[in-house]
Amino acid sequence: MSGLDHAHHAHHGPVTHGVSESANHDYEQAFAAAQPDAGRKVVTLDLEAGETDWEFAPGASFPAWAFNGQVPGPVLEARVGDVLEVRFTNRLPEATSIHWHGLRIPAAMDGTDMVQRPIEPDETFVYRFRLPDAGTFWYHPHVNETVQMERGLYGALIVRGDDEPVVDGERVLVLDDLKLDRNGRLAKFGGFIEGHDGREGDVRLINGKQEPVLTIAAGQVERWRIVNASSARYVKLSLGGAPFRILATGGGLLETAESATEVLLPPAQRVELAVGPFAEGEEFAIEALAYGRMTFKRRGTERFGTLRVGPFRTSVAAIPARLRTIEPLAPADAPANRTVEFGVKYSLKRGMDFVVNGEMHHRDESVKVGELQVWDVVNATMMDHPFHLHGFFFQVLSVDGVAPARRAWDDVVNLKPKSTTRIAWMPDDRPGSWMYHCHILEHHAAGMMAHMDVVR
Ligand SMILES: [Cu+2]
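Now for a look at the structure at hand. A quick note: this is a predicted structure, and the numbers were derived from the prediction, not measured. (Residues numbered from 1 in each chain as written. Predicted model: local features only at pLDDT ≥ 70, side-chain atom pairs only at ≥ 80, totals over all residues. Heavy atoms only, no water.)

**Let's talk about the coordination of the copper ion**
Here's step 1: Only His385 (ND1), Cys438 (SG) and His443 (ND1) from the protein reach the copper ion as donors, at distances of 2.0 to 2.1 Å.
Here's step 2: Sequence positions of the donors to the copper ion reduce to the motif H-x52-C-x4-H. With a gap of 58 residues between them, histidine 385 in strand 26 (residues 385-389) and histidine 443 in helix 5 (residues 441-445) connect regions that are remote in the sequence.
Here's step 3: You can call histidine 385 buried: its relative accessible area is 0%. (Donors = N, O, S within 2.8 Å, 3.2 Å for Na, K, Ca; no water. Helix = DSSP H or I, 4+ residues; strand = E, 2+ residues; numbered from the N terminus. Buried < 20%, exposed > 50% of the residue type's maximum accessible area, 1.4 Å probe, protein only.)

Next comes the structure, spelled out in structure tokens:
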């Protein structure tokens, strides 16, 4: 990756054509405004989406869609205050775009069809934005996601802060599953169960490989940055019952490291764990424990991979008791100023519709920059839904009136069946078109989403 800024105006001509003049203006403005902080740099890179042979297990492969010929796409790394400039070229047979999941960037760079025309085959589009927060994020298309993400289009994005815990090593684990047919080809998309449950497959992957074996040195502590990139699978992650510490969720570090033996990752969620130290010769299953979310198809404990402990190495790891301070955005009993209800409706034509406030692809009221939002996010259905808000972090104030055990920043929260989750978020000065939706991709596609403007 080159750290040098360079002339960019030639890059985005071909694709802004066709976007409304105001969208084009917002894009140009966001592009020019993206400047690195003092002492930081512009991280530039090329990404290309195209067809590639994805060997997910020895001798087993299929024609995938991938970023830069690999699944997952390359891990993008930068520091808080850097500018990321991605020159993206689409070599797929259909239109696409990139959504930068969890990043608090200008609306014009969010990658949805609200803010840009999908990028047609052989077109190039340049995303450019400043990275405001440290954490584990990811990128994926926001066009035909049920197909494009299942076929392999996703990757992790790591943003480092100035004051990170010291560990002996770091790894990124992108979790996914693949649904194949009897012949080892991608199973055909759709059907009633897939529409209801979301698409889940029986090939479980870490970093694009089926049930790999990872090795950690005895005595060492690693930081694992974990992304759940699957379409619908909930991963209640366990290391064969071994304790670990949770350092961060989707919006960065927690206030204190939390000891646990399992952690739930709904689709699109990220966690960071401190793993280890272990003794040489130990072995642990990296597995998802059974998690009931009222689907037709039920799953027991299933393995994603194996962790083996190799020879001892000395450790320099130092994880402080206090990781950071998160100021509360609102008191736990702050009254809600909006109710958003995730529901289902039965339609004669389509069977089941997934709706927000009674409407597929809901158009929600705008919110004003600087006005605190306290939302009751209601799940009126009998199954779980991972709620995702684009472009802004929120804090969970309560679930069914009970304050959560910890304060955290997130862009994804799981909504339990028949529950009310009260969240608070602040629309800072990034006006434009935003959305929130269920991150079970099939539910999102079936209408469980809403558009909303942030206005000055
Ligand atoms: Cu859903």
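**Quick notes on the pairing of strand 7 (residues 135-140)**
Here's step 1: Counting buried residues in strand 7 gives six out of six residues, a clear majority hidden from the surface.
Here's step 2: What you see with strand 7 is no split at all: Gly135, Phe137 and Tyr139 on one side and Thr136, Trp138 and His140 on the other are buried throughout.
Here's step 3: Where strand 5 (residues 99-101) lies against strand 7, three bridges are found, and the strand directions are antiparallel. Along strand 7, the bridge assignment pairs histidine 99 with histidine 140.
Here's step 4: In this structure, strand 7 lies alongside strand 8 (residues 155-160), joined through five bridges in antiparallel fashion. Considered in strand 8, the bridge of phenylalanine 137 is made with leucine 157. (Pairing = 2+ DSSP bridges.)

**Observations concerning the sheet that holds strand 27 (residues 395-399)**
Here's step 1: Strand order in the open sheet formed by five strands is 22-21-25-29-27, with mixed pairing between adjacent strands. Of all strands in the sheet, those with a lone pairing partner are strand 22 (351-356) and strand 27, marking the two edges. Strand-to-strand twist in this sheet, taken as the mean axis angle between neighbours without regard to direction, amounts to 20°.
Here's step 2: Inspection of the sheet shows strand 21 (residues 338-347) paired to strand 22 by six bridges, in the antiparallel sense. Along strand 22, the bridge assignment pairs glycine 343 with valine 355. (Axes fitted to C-alpha atoms, helices over the stretch in contact; angles between N-to-C directions.)

**Focus on helix 2 (residues 21-33)**
Here's step 1: In this model helix 2 runs 18 Å from its N-terminal to its C-terminal C-alpha over 13 residues, within 8% of the 18 Å that 1.5 Å per residue would give.
Here's step 2: Looking at helix 2, one finds that the buried residues are Ala23, Tyr27, Ala30 and Phe31. Viewed end-on, helix 2 has its buried residues packed into an arc of 100°, placing them on one side of the element. Counted as exposed and oriented over 90 degrees from the buried face of helix 2: Glu21 and Ala33. (Expected span 1.5 Å × (residues − 1). Arc of directions from axis to C-beta.)

**A look at the packing of aromatic side chains**
Here's step 1: Enumeration according to the criterion identifies 22 aromatic pairs in this entry.
Here's step 2: Aromatic pair phenylalanine 192 and phenylalanine 296: ring centres 5.7 Å apart, planes at 50°, arrangement tilted. Pair noted here: phenylalanine 192 is in helix 4 (residues 192-197) and phenylalanine 296 is in the loop between strand 19 (283-289) and strand 20 (302-312), with a separation of 104 residues, a long-range link.
Here's step 3: A residue is classified by how much of its surface remains accessible, and phenylalanine 192, at 54% relative accessible area, is exposed. (Phe/Tyr/Trp six-rings, centres within 6.5 Å; stacked < 30°, edge-to-face > 60°.)

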